[in-house]
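Structural overview for review
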Amino acid sequence: MTHSFKEGFKAALPVVFGYFPIGMAFGVLAVQSGMTTLEVFMMSLLVYAGSAQFIAASLLATQASIGTIIFTTFLVNSRHLLMTASLAPYMKKISSKLLSLLGFWVTDETFAVSIAAVAKEPKDKGFFLGLYITSHVAWISSTVLGSMMGNFIPNPEKFGLDFALPAMFIALLILQVRHKKALAIIIISAALSIGIKLNMAGSWNIILATVISATIGVLMDKWMEKSSQSLSA
Amino acid sequence: MMVVTYIPRMLPLAILSRMNISKSFMNWLSYVPVAVLSALLAPELLLKDGQLSINLSNTYLLAAIPCFAAGFFSKSIFLTVVAGMAAIVLLNNVL
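Being a predicted model, the structure only gives us computed values, none of them experimental. (Residues numbered from 1 in each chain as written. Chains lettered and ligands numbered in written order. Predicted model: local features only at pLDDT ≥ 70, side-chain atom pairs only at ≥ 80, totals over all residues. Heavy atoms only, no water.)

**Observations regarding the overall build of chain B**
Stated formally: Secondary structure follows DSSP: runs of H or I at least 4 residues long count as helices, runs of E at least 2 residues long count as strands, and numbering of each begins at the N terminus. In this description the radius of gyration comes from C-alpha coordinates, and the expected globular size is given by 2.2 Å times residues to the power 0.38. Note on classification: 1.4 Å probe, protein chains only; a residue is buried when its accessible area is under 20% of the maximum for its type, exposed when over 50%, partly exposed between these limits. Contact criterion: two residues are considered in contact whenever any of their non-hydrogen atoms come within 4.5 Å of each other. Working definition of accessibility: Shrake-Rupley area with a 1.4 Å probe, residue cover restricted to the visible protein chains.
Looking only at helices and strands, chain B has four helices and two strands in total. Along the chain direction, N to C, the helices and strands of chain B fall in the order α-α-β-β-α-α. In terms of overall size, chain B is more extended than a compact globule, its C-alpha atoms giving a radius of gyration of 18 Å where 95 residues would be expected to give roughly 12 Å. Along the three orthogonal principal directions, the C-alpha set of chain B runs to about 55 × 30 × 25 Å. Here chain B holds 95 residues, and 46% of them are scored as buried. Nonlocal contacts in chain B, meaning residues at least 24 apart in sequence, comprise 29% of its contacts between residues at least 6 apart. Split by element, the accessible area of chain B, about 4700 Å² in all, is 72% carbon and sulfur.

Okay, here's the thing in structure tokens:
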């Protein structure tokens, strides 16, 4: 247990380094949209969702209703349904109680590291605890630090903080690409996401583009299987 | 916000980890990470104020180029994020 916890801790280091610029960026922006350092701390402790927190802070700045903020958060986070679903087969040995806790800690970043790790070899609960607790502590510290600095930074764009989140998505995407088929899915999903966003209000583009392009991926596999069978026959 | 963040993360783990998942569903799930990240990223880079913006004045799109390059060669989250932020600072000061 302690050995695998350490292994999880080590696996978390890239997430920690990735979180710091993003977390600090969120802290700075949150203070500018009217949140206090204590509110930033509580949000990072209880919500722990980078992109949703960014969106909530920007909605707060435009004085959106609580209902709008909660529903948008749900839509943006609904992608985690698909992520935790794809992790589930690798966590069969872990008790239900612990699973409901581990689920809380699955973010875009910790998911990317988890799925890459289990693709190599099976991991036990110590590994996941080490990875997830380290990452959460890093997220809380970086956002709180950012909120304290926020009072002294009048325009965060000057430091490129607004680009921290897209840059993180780029890094995570590159880590996921393991074969050529992935490139086709990237193009399809990106085009769908933009097409849907331009024609539909809200954040439905994320979940719709994901479901459709993953389905196209499966159909591509079936089609390629068939054509290779007919060639050999 | 906490509840709507937590439920999508917890439910599939609690339910699906107790079931046997078919091979084709597993195959479908294997496409999800790449698909969801692309769906999140594309509007950030290609849309500006709700409009398609594919031109040299879109600094996010330009900064994405060195950012992708840094990620491709370093495979490091940290270096990729730092390269992207450095690129956007440079672009904002030059353009």
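**Quick word on the side chain of B:R9**
Our working definition: By the counting rule applied here, Lys and Arg register as positive and Asp and Glu as negative, while His and the ends of each chain are not counted. Criterion for a salt bridge: a side-chain nitrogen of Lys or Arg within 4 Å of a carboxyl oxygen of Asp or Glu. Any N or O atom pair separated by 3.5 Å or less is treated as a polar contact, with the protein-specific requirement of one donor-capable and one acceptor-capable atom, and with residues adjacent in sequence counted only for side-chain atom pairs.
Mapped onto the secondary structure, B:R9 falls in helix α1 (residues 2–16). No salt bridge forms around the buried B:R9; measuring N to O, its nearest opposite-charge neighbour A:D108 is 6.9 Å away. Looking at B:R9, its side chain comes within polar contact range of the main-chain oxygen of A:Y48, at 3.0 Å. Excluding residues that lie within four positions of it along the chain, B:R9 makes contacts with A:V47, A:Y48, A:A49, A:H80, A:T84, A:G103, A:F104, A:V106 and A:T107.

**Comments concerning the domain arrangement of chain A**
What counts here: Either an automatic procedure or a domain database provided the assignment from which the domain bounds are taken.
Domain annotation for chain A reports domain 1 (1–176) and domain 2 (178–232). Computed from C-alpha atoms alone, the centre-to-centre distance between domain 1 of chain A and domain 2 of chain A is 26 Å.

**Digging into the interface of chain A and chain B**
Going by this rule: Summed over both partners, the accessible surface that disappears when two parts come together, traced with a 1.4 Å probe, is what is meant by buried area. For this classification, the nonpolar set comprises Ala, Val, Leu, Ile, Met, Phe, Trp, Tyr, Cys and Pro, the charged set comprises Asp, Glu, Lys and Arg, and every other residue, Gly included, is treated as polar.
Taken together, the contacts link 87 residues of chain A with 57 residues of chain B. Roughly 6300 Å² of surface becomes buried between chain A and chain B when both sides are summed, with 78% attributable to carbon and sulfur atoms. At the boundary of chain A with chain B, the tally comes to zero salt bridges. Per-element tally for the side of chain A that touches chain B: the top contributor is helix α9 (residues 164–176) of chain A, with 13 residues. Split by residue class, the side of chain A that touches chain B holds 55 nonpolar, 22 polar and ten charged.

**With respect to the UniProt feature "transmembrane region" (unreviewed entry) in chain A**
Residue and element names in this part refer to chain A. As a reminder of what qualifies: UniProt positions are given in the numbering used here, feature names are shortened, and annotations may be inferred rather than shown by experiment.
According to UniProt, the feature "transmembrane region" (unreviewed entry) maps to residues 12–34, 54–77, 159–175 and 206–224 in the numbering used here. Along residues 12–34 the backbone is 91% helical and 0% strand, and the end-to-end C-alpha distance reaches 31 Å. Segment residues 159–175 splits into 71% helix and 0% strand. End C-alpha atoms: 25 Å apart.

**Observations regarding the nonpolar core**
Counted only if it meets this: Nonpolar core, defined: a set of buried Ala, Val, Leu, Ile, Met, Phe, Trp, Tyr and Cys residues in which side-chain atoms within 4.5 Å join the residues together.
The biggest cluster of nonpolar side chains holds 89 residues, and the ones touching the most others in it are A:F26, A:L87, A:M91, A:L102, A:F128, A:Y132 and A:F163. In terms of residue count, the dominant contributor to this core is helix α2 (residues 23–46) of chain B (eleven residues). Summarising the domain contributions, this core has at least three residues from each of domain 1 (1–176) and domain 2 (178–232) of chain A. When sequence neighbours within four positions are dropped, the list of residues in contact with A:L102 reads A:M91, A:I94, A:F128, A:L129, A:Y132 and B:L13.

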